[in-house]
Amino acid sequence: MEIKEQNVQQSKRTPAGKKQLIIAGPCSAESEEQLMRVAGMLAAGGHTDFFRAGIWKPRTRPGNFEGVGNKGLQWLKLVKEETGLKTATEVATTTHVYEALKYGIDCLWIGARTTANPFATQEIANALQGADVKVCIKNPVNPDAGLWLGAIERISTAGIKDIMAIHRGFSSCAKTRYRNIPLWAIPVWLKKQLPGLPVLCDPSHIAGNSELIPHITRRAMGMRFDGLMIEVHPEPEKAMSDVRQQLTPTSFEQLLAATFKNSS
Ligand code: PEP
Ligand code: MN
């Protein structure tokens, strides 16, 4: 399998001079006003390469907010037109893929629950066949490196050239300070299998709370991850999903400024 070095506009560099890619935005799109507000702030901050917002939300139990659905695609299109930020959303079914491609979403990510299911990732790969879109693949919820690699191979075999992996931690029954435990050896192993594959870290879903995010971000940058996906909400305490882990735009900009202060 061939996964090419990415040629993306990245805004930051590691101390070693390597490029970094930053994906930021709310866990979920909630309203047009919320999206435009946070996107405007992120665009002005200048650290964000891709604006993320989930519109189809995989909730563990029914009855919670399951995303705004298709109407969020129109809002993401507007974000791109008004701010110039590229857009990213999660896809879990073939219908999600077709709809997102129709609206020109620049980056599709496959969530942890979906990566764990080879039938689902194969169906997504079939729907993506030959599409010109960036695809990020989060690690599966369980610490199975082979499942992660397998999902990447399926997407690559569908002809997608622009692929990235995202380490978002692994769920566990053990009581730890993390929502999802980072097992750094697994993304390091993945990188050894596919040296050209950019691997990002998602400190938001690893931490589960905003206080721990700077620590995990420093750790990931120290390990030379190729970028970050971070959840940012204009009013985190009012968020309809992942309320504890979203940063305000101000604390996000401060975190990135501190993280990259020595980079050009
Ligand atoms: C998300 O990014 O909001 C999300 C649901 O991610 P994960 O698949 O990592 O749980
Ligand atoms: Mn989330």
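This text follows the structure it describes.
Criteria and thresholds
- Residues numbered from 1 in each chain as written.
- Chains lettered and ligands numbered in written order.
- Predicted model: local features only at pLDDT ≥ 70, side-chain atom pairs only at ≥ 80, totals over all residues.
- Heavy atoms only, no water.
- Helix = DSSP H or I, 4+ residues; strand = E, 2+ residues; numbered from the N terminus.
- Rg over C-alpha atoms; globule rule 2.2 N^0.38 Å.
- Buried < 20%, exposed > 50% of the residue type's maximum accessible area, 1.4 Å probe, protein only.
- Contact = heavy atoms within 4.5 Å.
- Areas by Shrake-Rupley, 256 points an atom, 1.4 Å probe, with all protein chains shown as cover.
- Lys, Arg positive; Asp, Glu negative; His and termini not counted.
- Charge placed at Lys NZ, Arg CZ, Asp CG, Glu CD.
- Donors = N, O, S within 2.8 Å, 3.2 Å for Na, K, Ca; no water.
- Core = buried A, V, L, I, M, F, W, Y, C linked by side-chain atoms within 4.5 Å.
- Near = heavy atom within 4 Å.
- Polar contact = N/O pair within 3.5 Å; in protein donor to acceptor, adjacent residues only side chain to side chain.
- Nonpolar A, V, L, I, M, F, W, Y, C, P; charged D, E, K, R; others polar.

**So, the overall build of the chain**
Alright, step 1. A tally of helices and strands in the chain yields 10 helices and 9 strands.
Alright, step 2. The C-alpha atoms of the chain give 17 Å as radius of gyration, which agrees with the globular expectation for 264 residues (18 Å, within 12%).
Alright, step 3. Referenced to the eigenvectors of the C-alpha coordinate spread, the extents of the chain come out at roughly 40 × 40 × 40 Å.
Alright, step 4. Taking all 264 residues of the chain together, 55% fall into the buried category.
Alright, step 5. Once local pairs closer than 6 in sequence are excluded, the contacts in the chain between residues at least 24 apart make up 72%.
Alright, step 6. Surface exposure of the chain reaches about 11300 Å², of which carbon and sulfur atoms provide 50%.
Alright, step 7. Looking at charge distribution, the chain has the averaged site of its 32 positive side-chain charges lying 6 Å from that of its 25 negative ones.

**Some words on the coordination of the manganese ion (ligand 2)**
Alright, step 1. For the manganese ion (ligand 2), the full set of protein donor atoms is Cys 27 (SG), His 205 (NE2), Glu 231 (OE) and Asp 242 (OD), at a range of 2.1 to 2.4 Å.
Alright, step 2. Donor residues for the manganese ion (ligand 2) sit on one chain with the sequence pattern C-x177-H-x25-E-x10-D. Of the two residues, His 205 sits in helix α8 (residues 203-207) while Asp 242 sits in the loop between β9 (227-231) and α10 (249-259), which places them 37 residues apart along the sequence.

**Some points on the environment of Thr 121**
Alright, step 1. For Thr 121, the position within the fold is in helix α5 (residues 118-128).
Alright, step 2. Residue Thr 121 is classed as buried on the basis of its relative accessible area, which comes to 1%.
Alright, step 3. Every residue in contact with Thr 121, bar those within four places of it in the chain, is listed here: Ile 110, Thr 114, Thr 115, Ala 151, Arg 154 and Ile 155.

**Details of the nonpolar core**
Alright, step 1. With 67 residues, the main nonpolar core has Phe 51, Leu 128, Ile 137, Ile 152, Ile 155 and Phe 252 as its most contacted residues.
Alright, step 2. In terms of residue count, helix α6 (residues 145-157) provides more of this core than any other element does, 6 residues in total.
Alright, step 3. Dropping the residues within four chain positions of it, Leu 128 is found in contact with Val 97, Leu 108, Val 133, Val 135, Ile 155, Ala 158 and Ile 160.
Alright, step 4. With 11 residues, the next largest nonpolar core counts Leu 21, Trp 109, Ile 166 and Leu 200 among its residues.

**Details of the site of ligand 1**
Alright, step 1. Lining the immediate surroundings of ligand 1 are Cys 27, Arg 52, Lys 57, Glu 90, Trp 109, Gly 111, Ala 112, Arg 113, Lys 138, Arg 168, His 205 and Glu 231.
Alright, step 2. Arg 52 is positioned with one of its side-chain polar atoms (N or O) 2.8 Å from an oxygen atom of ligand 1.
Alright, step 3. Protein chains shield 97% of the accessible area of ligand 1, which is 300 Å² for the free molecule.
Alright, step 4. The class makeup of the residues in the shell around ligand 1 is 3 nonpolar, 2 polar and 7 charged.

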